[in-house]
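Coordinate inspection notes
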Amino acid sequence: MDSPAANDSAPASDEALMLSYGRGDASAFEILYGRHRVRLYRFLLRQLRDGALADEMFQEIWQRVISAREGWRPEALFTTWLFRIAHNRLADHWRAQQHRPPAPADAELRSERVPDPDTPERNLSEFERRRRLQCALDELPTEQREVILLRLEQELTLEEIGEVTGVGRETVKSRLRYAMEKLRKRLDE
């Protein structure tokens, strides 16, 4: 069976690749996986803050994609569908945990001990800015952190975020606005 990417000079859409994969074209899955693996893994890692758990959930999500291949229909963008699976899996995880695990009591001490091989003040300042941003993101409510990561890191539209999270566009806008206000306030301190 010909790969959809081999038939045209333009790259095949994710939706066309998923349909082709559903018909048995394993190379279509390889292309989809290559396009989305880094973004999906980064999203999971930022949400979970645990590499081993992110690895496990990452594999589960791709297994669900594989399992759904034959019955999949392009009712939404593939990326929206993929991140909806991730959103649902994260929601299941948090429900099972009943809360986000707190940061270790010595988290600040640990971050201060991270060696900086370059040691110029500029690198230290950049590290501090990233650490402050990560701490500020960690303090956001789960719903606000999720929409801000989907918007800024995954570059999804408000409508796509709404489809992923199962809320309306206005709710997404509201969550983004509140998240940005909280981040600005926290980072201005």
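Details of the structure are given in the entry above.
Here we summarise the structure given alongside this text.

Points about the packing of helix 5 (residues 78-97) against helix 9 (residues 158-165)
Two numbers describe how helix 5 lies on helix 9: the axes approach to 8 Å, and their chain directions differ by 40°. By the angle between their axes, helix 5 is oblique relative to helix 9. Judged by the twist between their axes, the crossing of helix 5 over helix 9 is right-handed. Residue-level inspection shows Thr80, Phe83, Arg84 and His87 of helix 5 in contact with helix 9, the latter providing Glu160, Glu163, Val164 and Thr165. Of the residues assigned to the contact of helix 5 with helix 9, the class counts are 2 nonpolar, 3 polar and 3 charged.

Topic: helix 5
For helix 5, built from 20 residues, the straight-helix expectation of 28 Å at 1.5 Å per residue is met to within 8% by its first-to-last C-alpha distance of 29 Å. Of all the positions in helix 5, only Phe78, Thr79, Thr80, Leu82, Phe83, Ile85, Ala86, His87, Arg89, Leu90, His93 and Trp94 are classed as buried. On the buried face of helix 5, the contacting elements are helix 2 (14-22), helix 3 (26-48), helix 4 (51-68), helix 8 (142-152) and helix 9.

Brief notes about the nonpolar core
Core analysis: the biggest nonpolar cluster contains 40 residues, and Leu40 and Leu44 have the highest contact counts within it. Listing elements by their share of this core, those giving two or more residues are helix 2, helix 3, helix 4, helix 5, helix 7 (121-139), helix 8, helix 9 and helix 10 (169-188). With residues up to four places along the chain from it excluded, the contact list for Leu44 reads Arg49, Ala54, Met57, Phe58, Ile61, Ala86 and Leu90.

Rules used in this analysis
Within any chain, residue numbers begin from 1 and follow the written order of that chain's sequence. Local features in this predicted model are restricted to residues whose pLDDT is 70 or higher, and side-chain atom pairs enter the listing and the counts only when it is 80 or higher, whereas totals over whole chains, interfaces and linings include all residues. Where side-chain values are given, they derive from all heavy atoms of the structure, hydrogens and water being excluded. Helix axes are fitted to C-alpha atoms over the stretch in contact, other axes to C-alpha atoms as well, and angles between N-to-C directions run from 0 to 180 degrees. Numbering of helices and strands starts at the N terminus; helices are DSSP runs of H or I of at least 4 residues and strands are runs of E of at least 2. By the definition adopted for this analysis, an angle is roughly parallel if under 35 degrees, roughly antiparallel if over 145, roughly perpendicular if from 65 to 115, and oblique otherwise. Should the near helix be turned anticlockwise from the far one by less than a right angle, the crossing is termed left-handed; should it be turned clockwise, right-handed. When checking whether two residues touch, look at their non-hydrogen atoms; a contact exists if any pair is within 4.5 Å. In this classification, the charged set is Asp, Glu, Lys and Arg, the nonpolar set is Ala, Val, Leu, Ile, Met, Phe, Trp, Tyr, Cys and Pro, and all remaining amino acids, among them Gly, are polar. A helix is expected to reach a length of 1.5 Å times the quantity of its residues less one. Using a 1.4 Å probe on the protein chains alone, a residue whose accessible area is under 20% of its type maximum counts as buried, one over 50% counts as exposed, and one in between counts as partly exposed. We define a nonpolar core as any set of buried Ala, Val, Leu, Ile, Met, Phe, Trp, Tyr and Cys residues linked to one another through side-chain atoms lying within 4.5 Å.

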